[in-house]
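Structural overview
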Amino acid sequence: MLKTDNIVSSRQFLIARVLSWLVIVVLSLRYFQIQIIEHEIYRLKSNTNRIRKVTKNAPRGLILDRKGEILVDNYPVYVLTAIPGEMSNKNKQFKLIADYIESDSIVIQSNYNKYYRGRFVPTRLVKDMNFLQLVNLEENKLDLEGVYYDQIPERFFPNGARAPHLFGYVKEVDRSIRKNLKSKDLYELGDLVGWSGLEKQYESFLRGSRGTYFYEVDASGREVGSATELSDTRPSPGGNIQTTIDLELQMVCEKLMVDKKGVILVGEPLTGGILAAVSSPDYPPDFFTGLITESDWNNIRANPDKPLINRYIQGNYI
């Protein structure tokens with residue numbers, strides 16, 4: 001049996017042994033750091049990839065007249081959203097969506113840029129879709145990876161009272177609006193915020209609180225079920241406010257001011273409560289609800305009767 005001389009010196013063997021143990025110690029320490037010390041950090045990162053958080057807007061509170069009749073209510077509308085991280089080719093899909101719902105892909109791209117918050121956070125693409133548009137999308141959903149639709153509440157006026165200067169209107173929160181809000185942490189992109197009138201004055205009361213739902217997703221980002229270890233929170237509707245307005249009297253005063261310019265304010269002498277308030281000419285109370293076309297906006301701004309002026313407080317009278 002042939003033997004070869006050991007050409008490794010005892011010093012070299014010692015160095016190799018020390019280096020081996022040093023590598024083992026470093027790996028062990030790193031393993032301890034990841035598994036024990038930084039366990040919570042990596043657990044949260046893992047859950048971020050594994051669990052999708054979906055928020056649900058709460059219905060705003062109702063605005064009622066003195067007898068409890070509804071002046072401002074909520075109505076469900078459909079919105080189209082996308083999970084950016086699940087979309088394979090955004091530009092191609094935007095064009096497909098535009099074809100299916102007969103819209104403009106540039107508008108869809110603009111909405112995407114406006115409401116984008118992260119790769120796995122739903123981003124709003126289209127609002128106020130009708131049933132036919134939903135059917136077209138559902139028939140072609142295999143071509144639209146990462147694209148979903150949902151319902152959100154939107155303001156509407158069931159009893160025909162106009163009074164847009166009194167009720168005010170709400171706006172969707174986008175990046176520029178959220179940046180200027182005092183309580184920006186209470187709002188996410190796409191939420192509604194009172195912007196004028198009663199909607200603004202009683203925003204904290206009407207707003208309500210959004211719901212939160214958690215879903216498990218696979219490696220491709222597809223939902224596979226609820227995340228049972230996390231508790232869902234149902235949306236809590238906002239509070240109702242009851243005004244001193246009398247709906248019947250309000251309707252009579254509005255008819256009196258058709259095609260006229262001026263103001264009617266009817267008050268109750270003993271309490272000072274306003275029973276009817278009309279600023280004429282005005283604009284439809286749902287004008288700022290949903291999508292406003294550029295032509296509609298330009299027309300109302302160029303109207304010589306200036307319907308946007310709130311004549312209760314901005315008119316000059318002798």
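Look a little higher up for the structure.
Read on for an overview of the structure. (Residues numbered from 1 in each chain as written. Predicted model: local features only at pLDDT ≥ 70, side-chain atom pairs only at ≥ 80, totals over all residues. Heavy atoms only, no water.)

Quick word on the pattern of salt bridges
Under the counting rule described, the total for this entry stands at 15 salt bridges. Close ionic contact of arginine 210 with aspartate 191 constitutes a salt bridge, the shortest N to O distance being 2.5 Å. Of this pair, arginine 210 sits in the loop between helix 9 (203–206) and strand 8 (211–217) while aspartate 191 sits in the loop between helix 7 (175–180) and strand 7 (192–194), placing them 19 residues apart in sequence. Residue arginine 210 is classed as partly exposed on the basis of its relative accessible area, which comes to 24%. (Salt bridge = Lys/Arg side-chain N within 4 Å of Asp/Glu carboxyl O. Helix = DSSP H or I, 4+ residues; strand = E, 2+ residues; numbered from the N terminus. Buried < 20%, exposed > 50% of the residue type's maximum accessible area, 1.4 Å probe, protein only.)

Quick look at helix 10 (residues 247–256)
Three or more residues of helix 10 are buried, namely Leu247, Gln250, Cys253 and Glu254. In a view along the axis of helix 10, the buried residues occupy a sector of 125°, so they form one face of it. What points out from helix 10, more than 90 degrees from its buried face, is the exposed set Glu248, Lys255 and Leu256. Contacts from the buried residues of helix 10 go to strand 3 (70–82), strand 11 (262–267) and strand 12 (274–280). (Arc of directions from axis to C-beta. Contact = heavy atoms within 4.5 Å.)

Let's talk about the packing of aromatic side chains
Considering all chains together, one arrives at 10 aromatic pairs under this definition. Note on tyrosine 283 and phenylalanine 288: the rings are 5.6 Å apart at their centroids and 90° apart in plane angle, and the pair reads as edge-to-face. By relative accessible area, which is 5% here, tyrosine 283 ends up buried. When the ring of phenylalanine 287 is compared with that of phenylalanine 288, the centres are 5.1 Å apart and the planes differ by 90°; the resulting orientation is edge-to-face. The class for phenylalanine 287 is buried, based on a relative accessible area of 14%. Grouping aromatic residues by their ring pairs yields a cluster made of Tyr169, Tyr283, Phe287, Phe288 and Trp297. Taking the ring centre of tyrosine 115 as reference, the NZ or CZ of arginine 124 above it sits at 5.8 Å. (Phe/Tyr/Trp six-rings, centres within 6.5 Å; stacked < 30°, edge-to-face > 60°. Lys NZ or Arg CZ within 6 Å of the ring centre and 35° of its normal.)

Looking at the side chain of glutamate 188
Relative to the helices and strands, glutamate 188 resides in the loop between helix 7 and strand 7. Given the relative accessible area of 18%, glutamate 188 is considered buried. In this structure the side chain of glutamate 188 is engaged in a polar contact, spanning 3.0 Å, whose partner is the side chain of arginine 117. Discounting residues that sit within four places of it in the chain, glutamate 188 has contacts with Thr55, Arg117, Val173, Arg178 and Arg210. (Polar contact = N/O pair within 3.5 Å; in protein donor to acceptor, adjacent residues only side chain to side chain.)

A few points about the nonpolar core
Counting residues in each nonpolar core, the largest one holds 17 residues, and the members touching the most others are Leu80, Ile97, Ile108, Leu125, Val126, Leu137 and Val147. Looking at this core, the elements with two or more residues in it are strand 3, helix 3 (90–101), helix 4 (105–115), strand 4 (123–129) and helix 5 (131–139). Of the residues forming this core, the biggest block, 5 residues, is contributed by helix 3. With sequence-adjacent residues up to four places away left out, valine 126 is seen in contact with Tyr78, Val79, Leu80, Ile101 and Ile108. Counting residues in each nonpolar core, the second largest holds 15 residues, with Ile63, Leu71, Phe157 and Leu166 among its members. (Core = buried A, V, L, I, M, F, W, Y, C linked by side-chain atoms within 4.5 Å.)

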